[in-house]
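# Per-entry structural report
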Amino acid sequence: MPNMFDGWRAGDLPILAALPALRAALDASPCAVLEAPPGAGKTTVVPLALLDAPWLAGRRILLLEPRRLAARAAAARMAALLGERVGDTVGYAIRLERRVAAATRIVVVTEGILTRMLQRDPALEEAGCVIFDEFHERSLHADLGLALVRESQLVVRDDLRLLVMSATLEGDRVAALLGGAPVVRSDGRLHPVHTTYVPARDDRPVEGRVAAAVRAALAEHREGDVLAFLPGAGEIRRAAELLGDLPAAVMVHQLYGDLPPDAQDAALAPAPAGRRKVVLATSIAETSLTIEGVRLVVDGGLARVPRFDPRSGMARLETVRVSRAAADQRRGRAGRLGPGHCYRCWAEGEQGQLLAHAVPEILEADLAPLALELAVAGTHDATSLAWLDPPPAGALAQARALLHALGALDAAGRVTPHGRAMADLGMHPRLAHMALRARDMGLGAVAAAVATVLEERDLLLATGGPHVRAPVDVRLRVDLVLGRGGLPAGVVARDGALRRARDQLRAWRDRLGVRERDGDVDRCGALLALAYPDRLGRARAGGRLGRFLLRGGLGAAVDPADPLAGEEWLACADLDGRRPESRVFLAAPVTRAEVDELFGADVARAEEVSWDAEARAVTARRVERLGAIVLREVPIAEPDADAVAHALVEAIRREGLAVLPWSDGATRLRERLAFLHRLDGGWPDVSDAALLDTLDDWLAPRLRGVRRLEGVGGVDLHAALLDRLEWAQRSALDRLAPTHCVVPTGSRLPIDYGDPAQPALDVRIQELFGLATTPSVGDGKVPLLLRLLSPAHRPVQATRDLAGFWRTSYFDVRKDLRGRYPKHPWPDDPMSAEPTRRAKPRPS
């Protein structure tokens with residue numbers, strides 16, 4: 001162990017007691033897992049403790065941190081422990097900033113930087129050990145980095161050491177992923193933390209509840225600084241305003257990713273003697289960082305996380321409840337320097353309802369960057385790598401489809417030269433494609449500015465309240481980054497974000513090799529369309545102002561008061577992804593000429609014949625489409641007859657068979673066929689479902705020349721149904737299912753097949769005198785249901801057994817009806833009586 005630890009007591013930092021076991025584990029195994037609670041000191045102590053390990057052989061240790069602020073702070077702390085400057089033994093490499101020398105032995109990097117390093121050197125020859133810190137956060141880059149480093153270790157670098165560290169990790173699961181790696185645990189927190197639950201008693205927003213809890217913490221505890229967690233920068237600013245009247249001895253600091261480094265450093269530094277501080281932070285302060293002086297934590301219980309919707313292809317930030325693991329991490333902040341107190345802004349009974357762990361980003365993120373990295377690494381089968389949670393197959397396939405559309409992958413899924421150039425830029429694949437294409441178009445400077453604007457959080461802030469938003473026009477932001485143009489009233493620039501954006505702009509220009517410092521900002525819309533071709537939108541005809549149809553088929557809405565609401569074409573960069581209509585946050589106008597220039601090869605031209613439900617007619621037109629957007633259409637006077645018939649059939653299928661002109665004859669034929677199909681399945685099925693399924697076969701040939709639903713009235717459905725029968729069936733139809741039955745009087749009465757299970761015959765009782773057997777159909781297999789009528793044609797009785805009726809029920813019926821119909825015969829022996837249609841003749 002380095003001499004710097006010799007004077008430390010094991011009680012100073014809990015991690016010191018675990019170092020011998022950790023060093024032994026890495027001496028014997030290429031992988032190890034370290035579980036240590038918040039505040040144990042693992043982030044800064046472990047890399048230093050491994051510097052003299054023999055297996056390191058003078059190579060570097062790469063320490064991965066999930067956030068830039070944590071990376072800078074960890075490097076600064078380790079350098080201070082060594083009594084050196086950052087950039088000597090310990091350095092860092094983060095986005096836009098690098099402090100690393102040739103002699104630097106420990107390099108703290110963010111996870112995206114590791115991905116770039118793996119692209120340049122998959123074997124990581126300069127590194128002897130890679131440490132994944134705070135792995136429980138399960139960022140997409142961390143999962144990808146671990147999978148690629150493990151693959152490199154197994155294939156080409158068996159001397160490379162891999163260490164995964166976390167405070168709330170399922171260590172055994174990670175150890176199994178790493179081939180049964182040893183697990184080293186450091187037990188115990190530094191100091192006890194008491195917890196108070198402060199449930200919401202009103203409907204105040206989270207910033208109001210947190211501000212009230214901060215005041216309570218300051219009043220109840222006379223010592224110690226306060227660290228308060230809120231979901232985002234907006235809530236932090238509003239909470240700071242609510243705490244603006246605190247005594248002068250209490251300083252309020254804000255801490256989130258968009259702040260400039262000096263403001264972040266001020267939040268981390270100890271408060272001056274005699275003063276206390278309140279740090280309002282996002283989840284950026286959950287892990288890795290030790291904020292000097294903090295003994296009190298206020299947890300708002302919320303976090304803002306990215307969510308990707310594969311259906312819309314859009315990602316958006318959502319405010320969610322924290323997990324129990326994250327809540328424990330936050331609580332642990334209060335016990336790093338001494339006994340502490342945590343105020344949780346929810347009821348104690350709600351604690352058990354929190355998810356145990358946050359959902360890993362790989363299961364919910366946009367996988368386009370991951371898919372490109374895998375392609376560059378030559379990994380065609382993602383399942384061949386070591387994942388704690390493999391990327392969802394559907395989302396990965398969608399990401400690869402996008403990369404193919406951008407020209408990054410060929411038809412076989414292999415990376416193209418354009419794809420490699422995209423990966424080298426280090427932008428999101430959409431922006432990288434845009435930047436490379438724009439450079440070829442002479443618009444590299446504008447593309448660098450557009451990429452800068454889109455990779456940062458919004459540079460503009462509306463000052464009219466939480467429900468007022470800045471204009472969506474990207475050109476305002478690009479002009480701002482380029483240092484020209486003014487801002488509309490009620491809108492200000494976020495200073496920290498603007499400074500960082502201008503630094504990033506210089507980096508993108510250098511990486512693109514762009515020398516010009518200016519460009520045609522009016523081409524911003526065309527550049528956005530290159531990056532987001534599926535989000536190109538055209539104003540809906542006749543709709544409300546600000547409503548657009550996107551090329552991908554979704555709707556998009558711009559506030560009617562926004563200056564871009566009246567544009568004909570928009571390229572949208574940022575939407576909330578809601579269906580069926582997304583709200584637009586960032587966009588720029590596009591001209592029709594630019595649409596033709598960029599996407600002319602994608603325009604599909606076709607003759608479309610379709611049903612117009614409003615006109616209740618078939619329309620035919622020649623159409624030019626760009627995805628879901630109709631660019632041009634011309635009516636066709638004489639469309640293809642078969643296509644018209646098909647469109648009409650589809651309309652009938654949607655509206656149902658009731659729209660067809662069912663004559664009495666056609667209806668009765670259908671009922672007879674239904675009876676025969678039930679009797680023998682060889683006869684055609686004429687149920688609603690069967691007829692609708694086969695409309696193209698039996699109805700479409702008779703619709704030629706018909707374009708309106710009303711015109712279907714001339715179709716002979718009786719003949720159409722008969723045409724479905726084979727010759728033998730047509731010959732047997734009248735024999736098996738006759739339309740009429742001749743009764744003893746000679747009357748020819750219609751048979752009712754309305755119930756295919758039981759055909760029926762309505763007949764007066766007197767017309768059946770002398771008949772002993774029940775009439776039947778289906779070659780005598782199915783007796784008719786005789787619905788017996790009175791002389792006045794009123795229902796009297798129903799039977800399938802006429803002989804039985806004559807012997808029994810007839811006499812009850814006779815008794816009841818003889819008095820009402822005395823002029824009609826009611827013989828004592830109906831089976832031997834003469835049938836009649838008439839009453840008894842009058843006496844002479």
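Residues numbered from 1 in each chain as written. Predicted model: local features only at pLDDT ≥ 70, side-chain atom pairs only at ≥ 80, totals over all residues. Heavy atoms only, no water.

### Some details on the overall build of the protein chain
The following threshold applies: Helix and strand assignments follow DSSP, with helices taken as H or I runs no shorter than four residues and strands as E runs no shorter than two, numbered in order from the N terminus. Each radius of gyration reported is based on C-alpha atoms, and the globular scaling rule is 2.2 Å times the count of residues to the power 0.38. The contact criterion used is simple: two residues touch if any of their non-hydrogen atoms lie within 4.5 Å. Exposure was quantified through the Shrake-Rupley algorithm and a 1.4 Å probe, taking into account, for residues, occlusion by the shown protein chains and nothing else. All tallies of charge rest on Lys and Arg as positive and Asp and Glu as negative; His and the ends of each chain are not included. Each charge is placed at NZ for Lys, CZ for Arg, CG for Asp and CD for Glu.
Summing up its helical and strand segments, the protein chain has 27 helices and 33 strands in all. Relative to the compact-globule value of 28 Å for 844 residues, the protein chain shows a C-alpha radius of gyration of 40 Å, a clear excess of over 25%. Along the longest, intermediate and shortest principal axes, the C-alpha atoms of the protein chain span 140 × 60 × 60 Å. For the protein chain, the proportion of contacts with a sequence separation of at least 24, taken over those separated by at least 6, is 68%. Accessible surface, the protein chain as shown: approximately 37,200 Å² in total, 50% of it carbon and sulfur. In the protein chain, 111 positive and 111 negative side-chain charges are present, and the distance between their average locations comes to 3 Å.

### Things to note about the pattern of salt bridges
Threshold: Here, a salt bridge means any Lys or Arg side-chain nitrogen found within 4 Å of an Asp or Glu carboxyl oxygen. In this scheme, a residue with accessible area under 20% of its type's maximum is buried, one over 50% is exposed, and one in between is partly exposed, where area comes from a 1.4 Å probe on protein chains only.
Tallied over the entire structure, the rule returns 52 salt bridges. Measuring nitrogen to oxygen at the nearest pair gives 3.1 Å for the salt bridge that ties arginine 185 to aspartate 172. Within this pair, whereas arginine 185 is found in strand S8 (residues 183–185), its partner aspartate 172 is found in helix H6 (residues 171–177), the two being separated by 13 residues in sequence. Its relative accessible area of 41% is what places arginine 185 among the partly exposed residues. Here aspartate 328 makes a salt bridge to arginine 344, at a shortest N to O gap of 3.4 Å. With aspartate 328 in helix H10 (residues 324–332) and arginine 344 in strand S16 (residues 340–344), this pair connects stretches of sequence that are 16 residues apart. Salt bridges here are not isolated pairs; linked through shared partners, they connect Arg138, Asp143, Arg173 and Asp389.

### Some points on the packing of aromatic side chains
To be explicit about the condition: We call Phe, Tyr and Trp rings a pair once their centres come within 6.5 Å, taking the six-membered ring for Trp, and we label the pair stacked below 30 degrees between planes, edge-to-face above 60, and tilted otherwise. Counted as over-ring charges are cases with an Arg CZ or a Lys NZ within 6 Å of the ring centre that also lie within 35 degrees of the ring normal.
Using the criterion set out here, one finds eight aromatic pairs in the structure. Centre to centre, the rings of phenylalanine 675 and tyrosine 753 are 5.4 Å apart; their planes meet at 45°, and the pair counts as tilted. Note that phenylalanine 675 is positioned in helix H21 (residues 664–679) and tyrosine 753 in the loop between strand S28 (748–752) and strand S29 (760–764), a separation of 78 residues in sequence. Classification of phenylalanine 675 by relative accessible area gives buried; the value is 2%. Ring pairs connect the aromatic residues Phe769, Phe805, Trp806, Tyr810 and Phe811, which therefore count as one cluster. The lysine or arginine in question, arginine 551, covers the ring of phenylalanine 599, its NZ or CZ lying 5.0 Å from the ring centre. Above the plane of the ring of tryptophan 662 lies arginine 670, whose end atom (NZ or CZ) is 5.2 Å from the centre.

### Let's talk about helix H19 (residues 592–599)
For clarity, the threshold we go by: Here, the arc refers to the directions that run from the helix axis to the C-beta atoms.
Glu594, Val595, Leu598 and Phe599 are the residues of H19 that are buried. When H19 is viewed along its axis, its buried side chains cluster within an angular range of 105° and face the same direction. Summarising the contacts, the buried residues of H19 are in contact with helix H14 (429–440), helix H18 (524–531), strand S19 (536–539), strand S22 (569–575) and strand S25 (617–626).

### Some details on the environment of valine 514
Within the element layout of this structure, valine 514 appears in the loop between helix H17 (495–512) and H18. Sequence-wise, valine 514 and tryptophan 662 are 148 residues apart; in three dimensions their C-alpha atoms are separated by 74 Å. The contacts of valine 514, once residues within four sequence positions are left out, are Gly444, Ala445 and Arg509.

### As for helix H5 (residues 140–155)
Residues spaced three or four apart along an α-helix face the same direction, because each turn holds 3.6 residues. Going by this rule: Given the number of residues in a helix, its expected span is that number minus one, multiplied by 1.5 Å.
Spanning 16 residues, H5 covers 23 Å between terminal C-alpha atoms, matching the ideal 22 Å at 1.5 Å per step. Of the residues making up H5, those classed as buried are Leu140, Ala142, Asp143, Leu144, Gly145, Leu146, Ala147, Leu148, Val149, Arg150, Ser152 and Gln153. Those residues of H5 that are buried lie in contact with strand S1 (31–35), helix H4 (111–120), strand S6 (127–132), strand S7 (161–166), H6 and helix H11 (368–376).

### Quick notes on a nonpolar patch on the surface
The criterion, for reference: Like-charged residues within 9 Å of one another, or nonpolar side chains (Val, Leu, Ile, Met, Phe, Trp, Tyr) within 5 Å, are grouped into patches, provided each residue has over 30% relative accessible area and no salt bridge.
The grouping of Leu154, Val155 and Val156 at the surface amounts to a nonpolar patch, some 300 Å² of accessible area in total. Tracing the chain through its elements places valine 155 in helix H5. Residue valine 155 is classed as exposed on the basis of its relative accessible area, which comes to 58%.

### Section: the pairing of strand S26 (residues 629–635)
Every other side chain in a regular strand lies on the same face of the sheet, so the side chains alternate between the two faces. Put simply, the rule is: A pair of strands is treated as paired once DSSP finds two or more bridges between them.
Where S25 meets S26, six bridges bridge the pair, whose relative direction is antiparallel. The residue of S26 that forms the bridge with arginine 621 is proline 635. Count of turn residues in the S25/S26 antiparallel hairpin: two residues, of which glycine 627 carries a positive phi of about 65°.

### Topic: the confidence of the model for the protein chain
Short version of the rule: pLDDT measures how confident the predictor is about each residue, on a scale from 0 to 100.
Taken over all residues, the pLDDT of the protein chain has a mean of 88, while the share at 70 or more is 95%. Per-residue pLDDT stays below 50 along residues 7–11; that stretch engages in five contacts with residues further than four places along the chain or on separate chains.

### Some words on the packing of helix H15 (residues 444–455) against helix H16 (residues 474–481)
Convention followed: As a rule, the C-alpha atoms of each element are fitted with a line to give its axis, helices using only the stretch in contact, and angles between N-to-C directions run from 0 to 180 degrees. With respect to orientation, any angle under 35 degrees is reported as roughly parallel, any angle over 145 as roughly antiparallel, any angle of 65 to 115 as roughly perpendicular, and every other angle as oblique. Residue polarity is assigned by list, with Asp, Glu, Lys and Arg as charged and Ala, Val, Leu, Ile, Met, Phe, Trp, Tyr, Cys and Pro as nonpolar; anything else, Gly included, falls into the polar class.
Between H15 and H16, the least distance of the axes is 9 Å, while the angle of their chain directions is 110°. In this view, H15 runs roughly perpendicular relative to H16, as classed from their interaxial angle. Across the interface between the two elements, Ala449, Val450, Thr452 and Val453 from H15 touch Val474, Arg477, Val478 and Val481 from H16. Residues that form the contact of H15 with H16 fall into these classes: six nonpolar, one polar and one charged.

### Some words on the sheet that holds S19
Reading around the barrel, the five strands line up as S19-S20-S21-S23-S22 and close back on themselves, with mixed pairing between neighbours. With direction set aside, neighbouring strand axes in the sheet form an average angle of 50°. The sheet contact formed by S22 and strand S23 (residues 581–589) spans five bridges and is antiparallel. Within the sheet, the bridge partner assigned to aspartate 574 lies in S23 and is leucine 586. Seen against the sheet, H18 touches S19, S22 and S23 and runs at an angle of roughly 130° to S23.

### A closer look at the packing of H21 against helix H25 (residues 727–736)
For the pair H21 and H25, interaxial distance at closest approach is 11 Å and the crossing angle is 95°. Between H21 and H25, the crossing angle belongs to the class labelled roughly perpendicular. Listed contacts from H25 to Leu669, Arg672, Leu673, Phe675 and Leu676 of H21 are Leu733, Asp734 and Leu736.

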